[in-house]
2 protein chains.
Amino acid sequence: MALLDALAERLREIVGAESVISDPAELATYDCDGLTYHRATPGVVVLPDTAEQIAAIVRACADAGVPYVARGSGTGLSGGALPRTDGVLIVTSRMRRVLEVDAANQRAVVEPGVINLDVTRAARPYGYYFAPDPSSQQVCSIGGNVAENSGGAHCLKYGFTVNHVLACEVVTPDGEIVELTEGPGYDLLGAFVGSEGTLGITTKVTVRLTRLPETVRTLLAGFDSMERAGAAVSAIIADGVVPAAIEMMDALSIEAAEAAVSCGYPPGAGAVLIVELDGPASEVDAQFERVKELCAEAFELRVAADDTERGLIWRGRKSAFAAVGRISPDYIVQDGVIPRTMLPQVLARIDAISRERGVRVANVFHAGDGNLHPLVLFDGSEAGAGERAEEVSGRIIDLCIEHGGSITGEHGVGIDKVEHMPRMFTGEDLDTMQMVRCAFDPAGLCNPGKVYPTPRLCGEVPGRRKGVHPLVESGKADLF
Amino acid sequence: MALLDALAERLREIVGAESVISDPAELATYDCDGLTYHRATPGVVVLPDTAEQIAAIVRACADAGVPYVARGSGTGLSGGALPRTDGVLIVTSRMRRVLEVDAANQRAVVEPGVINLDVTRAARPYGYYFAPDPSSQQVCSIGGNVAENSGGAHCLKYGFTVNHVLACEVVTPDGEIVELTEGPGYDLLGAFVGSEGTLGITTKVTVRLTRLPETVRTLLAGFDSMERAGAAVSAIIADGVVPAAIEMMDALSIEAAEAAVSCGYPPGAGAVLIVELDGPASEVDAQFERVKELCAEAFELRVAADDTERGLIWRGRKSAFAAVGRISPDYIVQDGVIPRTMLPQVLARIDAISRERGVRVANVFHAGDGNLHPLVLFDGSEAGAGERAEEVSGRIIDLCIEHGGSITGEHGVGIDKVEHMPRMFTGEDLDTMQMVRCAFDPAGLCNPGKVYPTPRLCGEVPGRRKGVHPLVESGKADLF
């Protein structure tokens, strides 16, 4: 650890001794992000205040050949911010200033440690808000939203974080501070957003602000079965309505939410739908009537009369993940996505697998965009239960891939789904993506081991076509 | 030319003799794209039918060390498809099949040579259309739309091509066929769209289809002055209305359009606004009344009663560029963008420069998103007129940069604006972008000379920080 000790000393020179943590007990509190079953105590933690400090930290790591991982609030669910025992964890939580709110041009400039909901709080007096709304929005930070391209219930209508980021100041793995923007040249901004911390560290984010809607109307519909609720979703989308959100929960997740927050969902429901419309009152009122007609098969329709009732409807949904702890000692939160048209088939298959393996699965999901969040329940104290749950969780990902979907909808690949990447992409596809990683980070120190399986292009002789990469041919192949 | 002759022979083996053009007279017809004052006769033209043929062509070029440029219909306005005299021009116009229309999932799969408007024609029977609508949409092809990230009048509400492309099959510069999609891993799709043909050649595009709006309402407002029209634009946006389009034309462009297509715009207008709303009838009707109120300063308000009248209103706008030929023997189409809030200042400055230099400038633009298209008029037969026009055109770009805007709004950098890139980006910013280019195309054969100034990273010893790129330090610097 002499190498890390020397590096910690260098970091103290950069940020001051009070901003470097190397005490083992303190380090242990940083050993995971929201995916708690992967843990690793970081070698050193550093808490910078400025972009210049981060650039100096990255250069110090590069000089020492030590890997580093950046994190904000650490709420990610794929282990993207899992630290390295042999490396530095760069925590941006002290960089939480809202630098500018430019309402006339519908944008704000914030530091990466700013909490998602605080952007909305800063913009609301001007009549605006920040649209991406992950369930963790009260605690998650913008830097992490950028790294993971975070979604949320309202991304059906408003898009993901990438649609709301206009520019990022970034420290690249070679320790330079660059500005990535929309505009001429490559859209590196788009490639950076969602790169899960592997291309650099964002130090300043210009976000798009969205006008607060004139009206919001929220409906809770109780159905006998998932099939009927699913049919209503299809009917709404087919009708051309684009709700701000359509969320679905099954009986098991309703039971859990009820136990946790007493949200008062319709008793005995096999499924509930939450449908929210927002926008100009004239449009919302007309479309809301249409949505109610399209939910005719519901045995109960409840319309939120005010913000309090609306809040209650959402409380059940937003608490669902945590609430599952009330009905099961352990659970896995899965995240996959399928074409919306495949929802009925895939839900039926999940149900069949659940019965066959005797493993309960609670389904909570963003129905409008086919983003499943099955919660696979188990009791870790029971022999083999964890393994069976893992198997069912894996089978659900198989189903997503088989049905033309993806291994992750919004939680990212991180450390959790690295192994699944070759099932979605050919070797050539992965090579092409990793060319970019190697271009940014040839030494492989920036959040290594995340997103991509083995680093095929940097430091290994690749099986690429001869004569095409002249540099490979000329014997310099170790660079790719 | 022995090298090119041998390569042409190889290309004939790949695509058949009838699909390779090497006759000088025939080659000359391919010597420019829509930016006609840059011309270069291609060394060889090849017209492939399949992705596999394109991959083989690219590999043949790589083996021979010969540069290549891809083009579709060749309607681009920045010279992005300008051929190389020493290279191959790969023309995708024979690849024009609409392979699939999947209305249930709101997508279509098309070949790159498909004409923009033909996607809408294929989708319309299902109630959908393809939203990006460059003025050239009757002739421009999807491959070019992807390369340039094309915009259009309705991009204010619907976004650019990048927001409507879900996947691209791409032949990379190393001759592999890869699939770029949204989903896990880097958003290379986003970086590829708008990369102006420098990262590879798209061979199949999956586009998002947009539901045909229930209602479209179009208004033509005549104002005394640009200032008053501009104030109306600001008022509409500030009110929270998002029109499908807000277009503005000044007196000179109105005169030109009138001369060309007799569009019947209000006589004597100093400016006209075209405001179009689309969406659900309930919303459109309410907002349309609001827009009319906000255009209270107009001396004439005309609402299109039907599709014929709507077509007439748009005909004036869409013909404006070509129409300028009626009032001036020569002109430069400029393309810049500024924050919408800067419109009044910048328009006043353009007017001042125009008067000061005695060069007429017709202003036609996408007012809603601050995208200016000044037409700088001159008579090429008059000594020094071309130079003065170039100077004014350049000054307009200066204004855009000074006011926090960009050197191009939607026409791209191409060959035309390469020299301006260092004025928008630092050396580090450009280096970072070019790292990606070098990763894809280390030999520099894929549309070289476009977008970026000197290729600083491939094949040159860069002035990058020592100790950060260990590969540079180790003497292998020629790779960057």
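Every value quoted in this text rests on a predicted model; they were computed, and no experiment measured them.

### A word on the confidence of the model for chain A
Across chain A, the average pLDDT comes to 91, with 94% of residues at 70 or higher. Overall, residues 460-480 of chain A carries pLDDT values under 50, and its contacts beyond four positions in sequence, including any with other chains, amount to 51 contacts.

### Points about the UniProt feature "domain: FAD-binding PCMH-type" (unreviewed entry) in chain A
Annotation from UniProt places "domain: FAD-binding PCMH-type" (unreviewed entry) at residues 38-212 of chain A. Helix makes up 22% of residues 38-212 of chain A and strand 25%. Its end C-alpha atoms lie 39 Å apart.

### A look at the pattern of salt bridges
For the coordinates displayed, the defined rule picks out 46 salt bridges over all chains. Of the charged contacts in the structure, one is a salt bridge between Arg97(A) and Glu111(A), with a shortest N-O distance of 2.7 Å. Of the two residues, Arg97(A) is situated in the loop between strand 4 (88-91) and strand 5 (98-102) and Glu111(A) in the loop between strand 6 (107-110) and helix 4 (116-123); the sequence distance between them amounts to 14 residues. Note on Glu111(A): relative accessible area 6%, which makes it buried. Here Glu289(B) ties to Lys292(B) by a salt bridge, and the two come within 3.5 Å at their closest N and O atoms. A residue pair is termed a helical-turn pair when its members lie 3 or 4 positions apart in one helix, as Glu289(B) and Lys292(B) do in helix 10 (residues 281-294) at three residues. Residue classification places Lys292(B) among the partly exposed positions, given a relative accessible area of 24%. Connected through shared salt-bridge partners, Asp224(A), Arg228(A) and Glu297(A) make up one network.

### Remarks on the pairing of strand 5 of chain A
All names here are of chain A. Judged from the four bridges that link them, strand 5 and strand 6 form a sheet pairing that is antiparallel. Across the sheet, the residue bridging to aspartate 102 is arginine 107, located in strand 6. Connecting strand 5 to the antiparallel partner strand 6 that follows it, the hairpin turn spans four residues, and glutamine 106 within it adopts a positive phi of roughly 50 degrees.

### What to know about the relation of the copies chain B and chain A
These two copies of the chain differ by a rotation about an axis and a displacement along the same axis. Of the two same-sequence chains, chain B is brought onto chain A (RMSD 0.0 Å, axial shift 0.0 Å) by a rotation of 180 degrees. The operation mapping one copy onto its partner corresponds to a two-fold rotation axis. Residue Glu283(B), judged by its C-alpha, is the member of chain B lying nearest the rotation axis, at 2.1 Å. In this assembly the copies share their binding face: 100% of the residues contributing to the interface of chain B also contribute to that of chain A.

### Quick notes on the interface of chain B and chain A
With 69 residues of chain B in contact, the opposing surface of chain A contributes 69 residues. Carbon and sulfur atoms make up 61% of the surface buried where chain B meets chain A, a total of about 5700 Å² over both sides. The interface formed by chain B and chain A includes zero salt bridges. Of all elements in the fold, only helix 3 (51-64), strand 9 (177-181), helix 7 (188-192), helix 8 (226-238), helix 10, helix 15 (421-424), helix 16 (427-440) and helix 17 (470-476) of chain B reach the threshold of two or more residues within the side of chain B that touches chain A. Of all the elements, helix 16 of chain B adds the most residues to the side of chain B that touches chain A, at nine residues. Split by residue class, the side of chain B that touches chain A holds 32 nonpolar, 20 polar and 17 charged.

### Digging into the packing of aromatic side chains
In total, this model carries four aromatic pairs over all chains according to the counting rule given. Consider the rings of Tyr129(A) and Tyr158(A), whose centres lie 6.4 Å apart with planes at 80 degrees: the pair is edge-to-face. Placement of the pair is Tyr129(A) in strand 7 (residues 128-129) and Tyr158(A) in helix 6 (residues 155-158), with a sequence separation of 29 residues. When the ring centre of Trp314(B) is taken as origin, the NZ or CZ atom of Lys318(B), which lies over that ring, is 5.8 Å away.

### Examining the sheet that holds strand 4 (residues 88-91) of chain B
Residue and element names in this part refer to chain B. Taken together, four strands build an open sheet; the order of strands is 1-2-4-3 and the sheet is mixed. Two strands in the sheet have a free side with no partner beyond their single neighbour: strand 1 (20-21) and strand 3 (68-71). In this fold helix 1 (residues 2-15) packs onto strand 1, strand 2 (44-46) and strand 4, with an angle of close to 10 degrees to the strand it touches most, strand 2.

### Quick look at the domain arrangement of chain A
By a frequent convention, interface size equals the accessible area lost on bringing the separate parts together. All names here are of chain A. According to the domain assignment, chain A consists of domain 1 (2-91), domain 2 (98-211), domain 3 (213-326), domain 4 (328-416) and domain 5 (427-479). Listed by partner, the interface residues are eight residues for domain 2 and eight residues for domain 5. Here domain 2 and domain 5 share an interface that buries about 760 Å² over both sides, 74% of which is from carbon and sulfur atoms. Considering only the side of domain 2, the residues that lose the most area to domain 5 are Pro173, Thr198 and Leu199, jointly responsible for 60% of the buried surface there.

Reading the values: the criteria
Residues numbered from 1 in each chain as written. Chains lettered and ligands numbered in written order. Predicted model: local features only at pLDDT ≥ 70, side-chain atom pairs only at ≥ 80, totals over all residues. Heavy atoms only, no water. pLDDT = per-residue confidence, 0-100. Contact = heavy atoms within 4.5 Å. UniProt positions renumbered as here; feature names shortened; annotations may be inferred. Helix = DSSP H or I, 4+ residues; strand = E, 2+ residues; numbered from the N terminus. Salt bridge = Lys/Arg side-chain N within 4 Å of Asp/Glu carboxyl O. Buried < 20%, exposed > 50% of the residue type's maximum accessible area, 1.4 Å probe, protein only. Pairing = 2+ DSSP bridges. Least-squares fit on C-alpha atoms with pLDDT ≥ 70 in both. Buried area = accessible area lost by both parts, 1.4 Å probe. Nonpolar A, V, L, I, M, F, W, Y, C, P; charged D, E, K, R; others polar. Phe/Tyr/Trp six-rings, centres within 6.5 Å; stacked < 30°, edge-to-face > 60°. Lys NZ or Arg CZ within 6 Å of the ring centre and 35° of its normal. Axes fitted to C-alpha atoms, helices over the stretch in contact; angles between N-to-C directions. Domains from an automatic or database assignment.

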